[in-house]
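So you can see what is in the structure, the chains are spelled out below.
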Amino acid sequence: MRDRLIIGGHDFGSRFILGSGKFSLDMTETVIQNGGVEMATIAVRRANKNGEENIIDYMPKGITLLPNTSGARSAEEAVRIARLARELGCGNFIKVEVIRDSKYLMPDNYETLRATEILAKEGFIVMPYMHPDLNVARDLVSSGAAAVMPLGAPIGSNKGLLTKAFIEMLIDEIELPIIVDAGIGKPSQACEAMEIGCAAVMANTAIATARNVALMATAFKLAIESGRAAYLAGLGRVLDRCGEASSPLTGFLGENL
């Protein structure tokens with residue numbers, strides 16, 4: 001069965017998107033290979049061609065780069081970073097990330113919406129990171145976003161799907177891919193996100209802070225694949241109060257007397 005992730009007209013076999021910000025350059029390739037990753041974020045400051053090391057040089061061949069606007073505190077700053085990423089040869093994909101709150105690191109949905117509208121008109125494939133608000137998500141669709149990336153929990157927290165109910169609203173109402181970004185801390189949580197119908201999961205901190213980083217990347221790969229398969233299969237129904245035998249409990253005793 002052909003089950004591909006389509007973002008902005010581009011076709012992906014993997015639904016595991018890697019956030020590379022916390023990995024050393026040497027570890028990046030290993031994590032990508034172990035995780036079966038086809039798309040990975042890069043911070044534009046790590047793609048500086050004038051520096052001694054360029055993260056792009058450590059990306060395996062065939063990886064789609066997803067530059068992010070990390071550090072932007074306004075739509076204008078996000079747009080400048082996106083344009084710079086394109087000039088550096090990072091392609092047309094861009095993850096819009098606008099954060100003014102330095103304590104909780106919550107995304108600014110309104111500035112994100114402004115940046116998305118500008119960049120989509122300039123031909124970028126825009127994947128905005130946002131707090132899961134249905135009205136904002138609808139506006140992002142109208143503004144030309146290629147996907148919507150709600151947070152599961154505060155960035156870097158590893159707390160999981162704290163916003164699950166709101167993400168489910170987006171899945172029900174938004175036709176674009178819904179990709180959980182930020183907060184996923186365990187493979188089981190990534191699996192749960194896929195089971196409810198998310199199109200993909202982005203992970204970074206959960207893998208980077210694991211004892212065995214390479215093995216955890218593999219664990220996330222398998223969990224995301226499993227969750228997707230469960231979603232496509234259709235989860236079994238849940239009984240509220242009673243039980244139901246998995247095998248017949250009547251008839252066989254009388255037949256054998």
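As a reminder, the structure under discussion sits directly above these lines.
Residues numbered from 1 in each chain as written. Predicted model: local features only at pLDDT ≥ 70, side-chain atom pairs only at ≥ 80, totals over all residues. Heavy atoms only, no water.

Chemist: Could you give an account of the overall build of the chain, with specific residues and numbers?
Modeler: From N to C terminus, the chain includes nine helices and 10 strands. By residue count, 49% of the 257 residues in the chain fall in the buried class. Summarising the internal contacts of the chain: among those between residues at least 6 apart in sequence, 64% fall at separations of at least 24. (Helix = DSSP H or I, 4+ residues; strand = E, 2+ residues; numbered from the N terminus. Buried < 20%, exposed > 50% of the residue type's maximum accessible area, 1.4 Å probe, protein only. Contact = heavy atoms within 4.5 Å.)

Chemist: Tell me what's going on with the packing of helix α6 (residues 187–195) against helix α8 (residues 213–233), and back it up with residues and numbers.
Modeler: Running from amino to carboxyl end, α6 crosses α8 at an angle of 25°, the nearest separation of the two axes being 7 Å. The angle between the axes of α6 and α8 places the two elements in the roughly parallel class. In this structure, α6 crosses over α8, and the sense of that crossing is right-handed. Of the residues in α8, those in contact with Pro187, Ala190, Cys191, Met194 and Glu195 of α6 are Met216, Ala219, Phe220, Ala223, Ile224, Ser226, Gly227, Arg228, Ala230 and Tyr231. (Axes fitted to C-alpha atoms, helices over the stretch in contact; angles between N-to-C directions. Parallel < 35°, antiparallel > 145°, perpendicular 65-115°, else oblique. Left-handed = near helix turned anticlockwise from the far one by under 90°.)

Chemist: Tell me about the packing of helix α3 (residues 109–121) against helix α4 (residues 134–142), and name the residues and values.
Modeler: Between α3 and α4, whose axes approach to 9 Å, the crossing angle comes to 10°. By the angle between their directions, the pair α3 and α4 is classed as roughly parallel. Contacts between α3 and α4 pair Asn109, Thr112, Leu113 and Thr116 from the former with Val136, Asp139 and Leu140 from the latter. Broken down by class, the residue content of the contact of α3 with α4 amounts to three nonpolar, three polar and one charged. (Nonpolar A, V, L, I, M, F, W, Y, C, P; charged D, E, K, R; others polar.)

Chemist: How would you sum up helix α2 (residues 75–87)? Please name residues and give values.
Modeler: Here α2 is 13 residues long and its end C-alpha atoms lie 19 Å apart, about the 18 Å a rise of 1.5 Å per residue gives. Regarding α2, the residues found buried are Ala75, Ala78, Val79, Ala82 and Ala85. One side of α2 carries all its buried residues, which in axial view fall inside an arc of 120°. Projecting away from the buried face of α2 at angles above 90 degrees are the exposed residues Arg80 and Glu87. On its buried face, α2 is in contact with β5 (64–68), β6 (93–96) and α3. Following α2 by one or two positions, glycine 89 has its phi on the positive side, about 90°. (Expected span 1.5 Å × (residues − 1). Arc of directions from axis to C-beta.)

Chemist: Please provide a residue-by-residue account of helix α5 (residues 164–173), values included.
Modeler: Three or more residues of α5 are buried, namely Ile167, Leu170 and Ile171. Buried residues along α5 cover an arc of 100° about the axis, so they all sit on one side. Its buried side turned inward, α5 meets β7 (125–130), α4, β8 (149–150) and β9 (179–181).

Chemist: With reference to specific residues and values, describe the layout of surface pockets.
Modeler: Taking a probe equal in size to a water molecule and rolling it over the atoms shows the remaining empty space. Each pocket or cavity is described by its volume, and for the largest pocket that value is around 580 Å³. Lining the largest pocket we find 31 residues, and of these Asn68, Lys95, Glu97, Ile155 and Asn204 sit closest to its centre. Among the elements of the structure, β4 (39–43), β10 (200–203) and α7 (205–208) are those that each provide at least two residues to the lining of the largest pocket. Broken down by element, the residue count for the lining of the largest pocket peaks at three residues, all from β4. Classifying every residue of the lining of the largest pocket by side-chain character gives 12 nonpolar, 12 polar and seven charged. Taken together, 13 residues form the lining of the second largest pocket, with Gly13, Ser14, Arg15, Ile224 and Glu225 sitting closest to its centre. With six residues, α8 is the single largest residue contributor to the lining of the second largest pocket. (1 Å grid on protein atoms, 1.4 Å probe; cavity = no way out; pocket = protein on both sides within 12 Å on 5 of 7 lines; lining within 4 Å. Points joined across faces, edges and corners; volume = space filled by probe spheres on them.)

Chemist: Just give me the short version of the pattern of salt bridges, but keep the residues and values in it.
Modeler: Using the criterion set out here, one finds 13 salt bridges in the structure. Put simply, glutamate 76 and arginine 114 hold a salt bridge, and the shortest N to O gap is 2.3 Å. Taken together, the positions of glutamate 76 in helix α2 and arginine 114 in helix α3 put the pair 38 residues apart, joining distant regions of the chain. One salt bridge connects glutamate 117 with lysine 121, and the closest N-O pair in it is separated by 3.8 Å. Highlighted residues: glutamate 117 and lysine 121, both in helix α3, separated by four residues, approximately one helical turn. Using a relative accessible area of 37% as the deciding quantity, one classes glutamate 117 as partly exposed. Members of the salt-bridge network, linked through shared partners, are Asp3, Arg15 and Arg228. (Salt bridge = Lys/Arg side-chain N within 4 Å of Asp/Glu carboxyl O.)

By themselves, these observations are geometric and do not establish any function.
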